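# Structural characterization, general
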Amino acid sequence: MEHDANSQQYHYKDILFVFSDAFIKDFDCKDVQELLLKILSTEEIDTIVKCKDAEKATYRLFWALLAQPERSVKGFVEDVLNPRDQPNYEFLMAAIQAEYERPSTATRQYIQQRDRLHNDNQSFSQYNVNRLQPYLKLTQALLELRPAKNVAVVGALGSGKQWLALDVCSSYKVQLAMDFNIFWLDMKNCNSPETGLEMLQTLQHRIDPNYSRGSDPASTIKQRILTAQTELRRLLKSKPYENCLLVLRNVQNEKAWSTFNLGCKILLTTRFKRVTDFLSPATTTHISLDDHDMLLTPDEVRTLFLKYLNCRPQDVPREVVTKNPRKLSIIAESIKDGLVTWDNWKHGNCDKLAFIIESSLKVLEPLGYRKMFDRLSIFPPSARIPLDVSFFRALYKNRIVSNLSVGPQLVSLILFDDKPEAEAAMVVVNKLFKYSLVEKHPNEATISIPAIYLELKVNVDDCDALHRRIVDHYNITKAFDHEDLVLSRLDRYFYSHIGHHLRTIEHSEQVDLFRKVFLDFRFLEQKIRHDTTAWNARGSILDTLHQLKFYKSQICDNDTHYERLVNALLDFLPKIEENLIRSNFTDLLRIGLMAMDETIYKEAFRQVQRFKDRVWFTEHGRFHQHRQIINLGNHKIRHALYLNDDFCLMALDKWLLLTDVSLEAGDTYLLKDEDDSSEILRMEVFNHQKQLITLHSNGKLKLWTLWPDSPARRHSGGSRQRVRSPAPTHLRNPTETRSSKQLVNSAVKRLIGSHSDQKITAFYLQEDAAQAPNRTHLHVAFSNGDVNILEWDEADKLFKIFQTPTLRTSQQEIRSIVQVQRRYYVICTANSTLSVCDLKNSFVEQPNLPGFDVQGDTPIAMEAYDERNEKATVLLIFKRSVWRLHFYPGPEVVLHREEVQLAEGSFITCGKRSADGNYLLLGTSEGLIVYDLKIADPVLRSNVSEHIECVDIYDICDPVYRYIVLCGAKGKQVLHVHTLRSVPHRDRVIAWVHSADETSMMARACLEPDVHLRSLMDMTSGRTQLLAVDSKERIHQIETATDPSARRRSSISDWSTITPTHAGGKKRITAISAHDSEHIYVGYADGVVIDVNKNAVLPQTFITEPIDYLKRVSAQLLVASAHGVQKTVIFKVQEGSASDQMWPLFLGVGTKYACLVGGKFLVLFSDHGVRSLDITNPSDFERPDEFDESLVAFDLKNGHLFLAYGNNEIKVSCLSVSVKNLGKNNLGYLQVFRLLLCDKSLRFEFVCEETIAQTANITYLAATEDGSQFALGFDNGTIELFSLDGGQFQLIYSIQEVHERPIRQLRFSPCKLLLISCAEQLCFWNVTHMRNNQVERRQKQRRSRRHKLHSVPQGDAVDAAPIASDSEVETSFVAHQSLQALHHPIGPTEVDLWRNKRGNADRPELLACIKFVGNEARQFYTDSRFSKFYTIDDEGVYYHLQLLDVGHPPLPDDEAEVDFGEISDRSLDQIGDLQYEEYLRIVGSPLCQSEDGEGADVVGNIFPEKLASKVDEERTS
């Protein structure tokens, strides 16, 4: 092309950036994506296309073009922008060509200034990497900059500050805004007035080349600086320079900036905090390159390597040890120069980097701080070193400092040889901080050393002595001899790094301290709780396992005993991680004491000997599950896939997480699209698990690239375990973050020109591994029924449209699609319509399948497999059924229904077939089902308490361990990782590893692998048997007596099974009553009641609905009720009794509980109140009146009747007038009545009433035996303790933030020292502590205080010492003994067991906490001494906890039992042990039980004659 003689020769590359705004406004890179393949690589195009907005895409495109030869840029302008077909960007091409031929003055100025900038900064120009996010941020700041304002770019050494400044100042928009006047000065050596003057004169000369440096010998340096500044201000205010930009590089201090404060626009770069702290945000925009979103991205790292190395993009290592641009440049340069190789480049270290770091540290030498800085190198890399809290608070007095380190001043210990002073240490720290040599973390009161300085290897002369100081400072022996289960004197640094320092001390002491620390269960628990995952989930065992492995030799010291113990811990900790993560109050030492592993138990038993005043239990239960988990923190799981090399891919709330779950490594990758937070409906990997396809709820189908995994990793259950050096887990970040690579919707739309308004509703991935190369096709179905096929392009790593035309099936809202026999599509729609489409003729038909009744069902998944010999099988999973379709040539379709045996009321939520085709894993609303496809039978179940949302099953090539199973539950923030193993000597039999220790118990317990216990149970009145129902509606008789010498679960207890005849009809048992082993009754869902011992149905025609309540209230009477339909039937069941036509007796009331008083008065509790029935005159019964609020909880103790209503109204009464129907008279109060038997009537006397000031609903009420205290449980987990004194309620204590679920049961011990609560965990509470630290007795203000937490702080607690029995506390707290207690005084055994127990110092009211495996248990039972506790949670785990009195051997069972026969015929029958609807909670009594009730029953024992006489005496007096 011809140009004027005076014109310069320019190129398209020079002109391109002039049109950046035009491209941002009108250009879409996706329109020319295919054409760009002629110019750019696939990786470069991917980087451009995945940008979320036009501005980012344009800059990425321009930077990629500038890296190409001029001919490529010319091809872009002349060919890509002007193609023959649409879209056509000819208007952009014409404008570029016009400017190319006749460049404007502005264009020429821009090119001239840009060339000068690059020429003056050669060292930064050659390998400069364009960084998009910092580029946009700095560009915006400079465009908004006004004169006398500043922009400060701050970053650590080597963070790329100069690269960024050069890149932004070379842009056309910034140059134009500065009138093409940008002046650069390097301020690196500007540290004195003389150098400051020299730099001012240099700037003056650049502005005015005719400037002459005149000197006046009489003038001082200060005067000459002022003169130069005055002249420069004059020049900069002149017209040509009024918008100029002054760039100050490497500003060392605030004085250097002040020297150039000339009233113009200033851009400065610095790594010193002292400079940025000096510049006020009011005048300066601060941009930090150390922020996470400003670091190098993976694409930018790859670009940097490619600038240095002549290699293919795929050869660039994907994992980097740093994101520091300077260090990466040195690594790349070292590889280029042959100093390191691709194999060892991660560990490369060269003199050049060390020289740069040494140069930066010279600022410390004049100040004498270099030695102090070097001493900090004794801390582990990236460790957060604790500071003195008080000084840190003073430094950040306006900020909230949380999670403060307690006590240690490690910095002052290391910096000074004489007596350390925190104030002097802070002076040093502040000085280092000003030079950016340390980083402060105010929220933690810690500092750390920037990663770049860790590359410098320094020798500290007194290194061992400094390590010794740290070890001595923590005083480990004293800290671990602390008499508390929480090591409160230790900080996070100790838990993370103490092993690093212990390794350097003398050998004999080293071994002792390593064992004292790393084998202490308290230390292990707190470390696990302190550590976090890469996705910021609090609580992780990973670093604990790493440290146990890494320091194993120091711990064991060739001692086989300790080797066994460490190995046992490595196996034990993953199993109990779920217990610790799901409860903040469960102790690892208490879990260890209940462990099955003998090595763990013995060590735990040894350690608990030091804590004899704490509550400990041994476990004699069954079916415990040791489930491994992945802690998700605050995230919930949607989908999960287990991949090769022990990686797990999880779809969480807003992003995908790919993490190593081998327990041996910690690599984690995040995959997310910032602009799309839609829910993922389905995901599938392909191409040897390198790529991922995800279908989203908004109809988008996305392609992702997964990072290649390390081939050396194996399953954690394997024989090899990698030993890595410990890392601070609370500092871990994801290894990488990636976004999606391709939006498949756009590819189909762009290449076919259709489906612009259609969503993708289903897809099918077809991989043909038999062909070479491997061919993969993606079949996508749209919401209008159209189906398109795309083919995988391995070279470009993208899906491209296949030559097959669009298939129009007319099937709306397709949910699943598969291809069989390479010819047919099997399609299932949202309304469960099944159709088959012949691809040869596009004919669609619905096959005739007799018995295929899925109308109204919901399709879940569909899978095609077993394609051979022209046959194929399609597995269809619906919400309530599973089917197999066998396809034969023709096609002929054979239907088979799978009998998956869903529990009543449950449904399927997800499903996955194993790769070998043997098993189908089903997630249901009531747990997991492992279905054997070969024998067509469900063989295993697990997680029965969970609503499963996602499952996966992964085949393992191992002779013992067969499959890994992933399981995510609704509302849970963990993902369970189960393992299925083969059973020795039993072909094709598998078992769960997490319950394999129960294998030997299965035969004795009569539970098959696919059967579990339900939480429906009762206990006989003699407490000798627990009766429990299993999922096959059988009854298990569990003997509660154990051999006193038996600690382990291998007790001598008998376990037998009863199968009622009615179970053959598969009817569900809904209630059970066990008076004794000879009188067992069960109620069914069809209203049938059976005498189990006689195997006979009790005849009645009134109830056909599920029996909710069943109780034998006396030797003659059995009460059954269907609460939901307000029906109650009373049977006469005494043997030999004469028949009476009026029996069974029907009452039109929904009974929640019934008890017999005085031998003939039956007291009935219902939603509508309390009624009494004279069984000698049943015709006189009247149905209770309807009330607005229902009765939700009640108790009857010492003649006091406590009633709680749905609006938190509590009533307490005693009987003085004849009342047959006691309903709620006034809304809004708790009522208490006194129960009296006068003459021949049962009477209620009103005592008091009050409203409870709690917004949560009452779920449970329990009173002490003397009625002087009662406790309320609420649906938010809160527990409140009250006293009843003088007819008034007094709030004693409020317990919050311990239970997370509704309180299911409360119970006081007879001695009133203990309160037990049952919900998601079983908690034991110190009543005496709560009474001694109760709410102030200010009646008028009491109600407003009930919303607060009344736990007393540790420093204010009254009874930090062991609690005492009632006889030893002050008189005001001594309650009156109940009449029953006076008749049968409490023996010393129970008091002795509990009187000297205490809780931890941080929560002294909590004596112990046992976390259930399931979500909750609804009730528990105890023995008479309150030393044994029995329950079954909703996971089917049977707990038999036996109190371990460390100071005293346990008594035999027969010595603990009390004969209650003498009082049983005269007592008021107990309330409780019911199986109700979830909203009703009836209290359980801890007092000695009568023969008619036990366990959770509330005993309000009354002697009617004595009580009536006593009341008359009180009235007379």
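The structure presented is a predicted model; accordingly, all values stated were derived computationally and were not measured. (Residues numbered from 1 in each chain as written. Predicted model: local features only at pLDDT ≥ 70, side-chain atom pairs only at ≥ 80, totals over all residues. Heavy atoms only, no water.)

### Observations concerning the overall build of the protein
Of the regular secondary structure elements, the protein holds 41 helices and 72 strands. Within the span of the protein, comprising 1517 residues, buried residues form 59% of the whole. Sequence separation of at least 24 residues holds for 61% of the intrachain contacts in the protein that already meet a minimum separation of 6. With the model as given, the accessible surface of the protein reaches about 61400 Å², and the carbon-plus-sulfur share is 47%. (Helix = DSSP H or I, 4+ residues; strand = E, 2+ residues; numbered from the N terminus. Buried < 20%, exposed > 50% of the residue type's maximum accessible area, 1.4 Å probe, protein only. Contact = heavy atoms within 4.5 Å. Areas by Shrake-Rupley, 256 points an atom, 1.4 Å probe, with all protein chains shown as cover.)

### What about the nonpolar core?
In terms of nonpolar packing, the biggest core is built from 120 residues, with L248, F260, I476 and F572 touching the most fellow members. No other element matches the nine residues that helix α31 (residues 560-582) contributes to this core. Excluding anything up to four places from it in sequence, F572 contacts F521, L588, I591, G592, A595 and I600. Core analysis: the next-biggest nonpolar cluster, separate from the first, contains 64 residues, F19, Y89, L117 and W184 among them. (Core = buried A, V, L, I, M, F, W, Y, C linked by side-chain atoms within 4.5 Å.)

### Overview of the side chain of R1112
Within the element layout of this structure, R1112 appears in strand β49 (residues 1109-1112). Among buried Asp, Glu, Lys and Arg side chains, R1112 stands out as unpaired, with D1076 the closest opposite charge at 5.9 Å. A distance of 2.6 Å separates the side chain of R1112 from the backbone oxygen of A1115, its partner in a polar contact. (Lys, Arg positive; Asp, Glu negative; His and termini not counted. Salt bridge = Lys/Arg side-chain N within 4 Å of Asp/Glu carboxyl O. Polar contact = N/O pair within 3.5 Å; in protein donor to acceptor, adjacent residues only side chain to side chain.)

### Structural notes on the pattern of salt bridges
Counted under the stated rule, the structure contains 59 salt bridges. With a shortest N-O distance of 3.4 Å, E813 and R815 are connected by a salt bridge. Here the salt bridges share partners, and the residues they tie into one network are R375, D417, D462 and R469.

### Side note on the sheet that holds strand β36 (residues 937-942)
Reading across from one edge, β33-β34-β35-β36 is the order of the four strands in this open sheet, with antiparallel pairing throughout. The two strands at the open ends of the sheet, each matched to only one other strand, are β33 (908-913) and β36. Within this sheet the neighbouring strands show an average axis-to-axis angle of 25°, counted without direction. Two elements, β33 and strand β34 (residues 919-924), share five bridges in a ladder whose sense is antiparallel. Each residue of the ladder has a partner; that of C910, found in β34, is G923. (Pairing = 2+ DSSP bridges. Axes fitted to C-alpha atoms, helices over the stretch in contact; angles between N-to-C directions.)

### Describing empty space enclosed by the protein
Evaluation of the coordinates by the stated rule reveals 10 cavities of 30 Å³ or more. Its boundaries defined by the atoms lining it, the largest cavity holds a volume of some 100 Å³. Forming the boundary of the largest cavity are 15 residues, of which K654, W655, S678, I680 and H696 lie nearest the centre. Of the residues belonging to the lining of the largest cavity, the class tally is six nonpolar, three polar and six charged. (1 Å grid on protein atoms, 1.4 Å probe; cavity = no way out; pocket = protein on both sides within 12 Å on 5 of 7 lines; lining within 4 Å. Points joined across faces, edges and corners; volume = space filled by probe spheres on them. Nonpolar A, V, L, I, M, F, W, Y, C, P; charged D, E, K, R; others polar.)

### Digging into helix α28 (residues 521-530)
Counting buried positions along α28 gives 10 out of 10 residues, so the element sits mostly inside the fold. If you check which residues of α28 are buried, you get F521, R522, F523, L524, E525, Q526, K527, I528, R529 and H530. Capping the start of α28 is the job of one residue whose side-chain oxygen sits 2.8 Å from the backbone nitrogen of R522: D520.

### Points about helix α24 (residues 463-474)
Counted at 1.5 Å a residue, the expected span for α24 with its 12 residues is 16 Å, and the 18 Å between its end C-alpha atoms agrees. Of all the residues in α24, the buried ones are L466, H467, I470, V471 and Y474. For α24, the buried positions fall inside an angular range of 140° around the axis, keeping them on one side. Contact partners of the buried residues in α24: α20 (370-375), β6 (385-386), α22 (410-415), α25 (476-480), α26 (492-502) and α27 (507-518). (Expected span 1.5 Å × (residues − 1). Arc of directions from axis to C-beta.)

### A closer look at the packing of aromatic side chains
Under the definition given, this model contains 54 aromatic pairs. With centroids separated by 6.2 Å and ring planes inclined at 55°, the aromatic side chains of Y89 and F91 adopt a geometry described as tilted. Look at Y89 and you get buried, because its relative accessible area is 6%. On the basis of an interplanar angle of 80° and a centroid distance of 5.8 Å, the ring pair of F379 and Y493 is categorised as edge-to-face. Here the residue F379 occupies a position in the loop between α20 and β6, and Y493 occupies one in helix α26, the gap between them amounting to 114 residues. Across the pair, exposure class does not vary: F379 and Y493 are buried alike. Of the aromatic side chains, those joined through ring pairs into one cluster are F17, F23, F27, Y59, F62, W63, F76, Y89, F91 and Y135. (Phe/Tyr/Trp six-rings, centres within 6.5 Å; stacked < 30°, edge-to-face > 60°.)

### Describing unusual backbone geometry
The phi dihedral of N536 is positive, around 70°, even though this residue is not glycine. By the secondary structure assignment, N536 is in the loop between α28 and α29 (542-550). Since its relative accessible area comes to 62%, N536 is described here as exposed.

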